[in-house]
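So the chains spell out like this:
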Amino acid sequence: MALRLLTALALFIDAGVHLFLAPGYQNAQPGTVSQGTLFLLEAAAALVAGIYVLVRGSRAAYAVALVVALSAFAAVVLYRYVDIPAIGPIPAMYDPVWFFSKTLSAVAEGAGAVLALAGLVRAGRRRTYDDGARLPARRHLP
């Protein structure tokens, strides 16, 4: 249960930072999506993944959490160090400065990815007996 709580907390911190920063990044060129909109989408994905991990704690929940946290971590680090031009409607988001909110989100995303990976591995292991035999499938009664 502690792993579920910590993973969800990391995702909730990520969501909170993105919600906090989104209004400052809402300006967009015509025909593009604003960085603020992308931040709002990331916040929504992190909230959904965090709730899913809290409620289920399954392999699928940890897999979703891993994808959300790792993709957000990769994006913040990539756009910090690499000046990628706009790709279609996705704006150029190069931001070569670390500041508190950005650092907090990167740490939460990195920790969330590590915790989700640990949860994914752990959820896979608890489905087998010590001798490696699979546990019987759950039966649902009508």
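Rules of the game
Residues numbered from 1 in each chain as written. Predicted model: local features only at pLDDT ≥ 70, side-chain atom pairs only at ≥ 80, totals over all residues. Heavy atoms only, no water. Helix = DSSP H or I, 4+ residues; strand = E, 2+ residues; numbered from the N terminus. Expected span 1.5 Å × (residues − 1). Buried < 20%, exposed > 50% of the residue type's maximum accessible area, 1.4 Å probe, protein only. Arc of directions from axis to C-beta. Contact = heavy atoms within 4.5 Å. Axes fitted to C-alpha atoms, helices over the stretch in contact; angles between N-to-C directions. Parallel < 35°, antiparallel > 145°, perpendicular 65-115°, else oblique. Left-handed = near helix turned anticlockwise from the far one by under 90°. Nonpolar A, V, L, I, M, F, W, Y, C, P; charged D, E, K, R; others polar.

### With respect to helix α2 (residues 35–55)
Residues spaced three or four apart along an α-helix point in a common direction, a consequence of the helix completing one turn every 3.6 residues. End to end, α2 covers 30 Å across 21 residues, agreeing with the expected 30 Å (1.5 Å per residue, within 8%). Looking at α2, one finds that the buried residues are Gln35, Gly36, Phe39, Glu42, Ala43, Ala46, Ala49, Gly50 and Val53. Down the axis of α2, the buried set is contained in an arc of 145°. They therefore lie on one face. Among the exposed residues of α2, those pointing more than 90 degrees away from its buried face are Leu41, Val48 and Val55. Buried positions along α2 lie against α1 (2–21) and α3 (59–81).

### Description of the packing of α2 against α3
Packed helices, taken two at a time, are described by the angle between their axes plus the distance between the axes. It is the contact of α2 with α3, at a shortest axis distance of 9 Å, that shows an interaxial angle of 150°. In terms of orientation, α2 lies roughly antiparallel with respect to α3. The handedness of the crossing between α2 and α3 comes out as left-handed. Between α2 and α3, the contacting residues are Glu42, Ala45, Ala46, Ala49, Tyr52 and Val53 on the first element and Ala60, Ala61, Tyr62, Val64, Ala65, Val68 and Ala72 on the second. The class makeup of the residues in the contact of α2 with α3 is twelve nonpolar, no polar and one charged.

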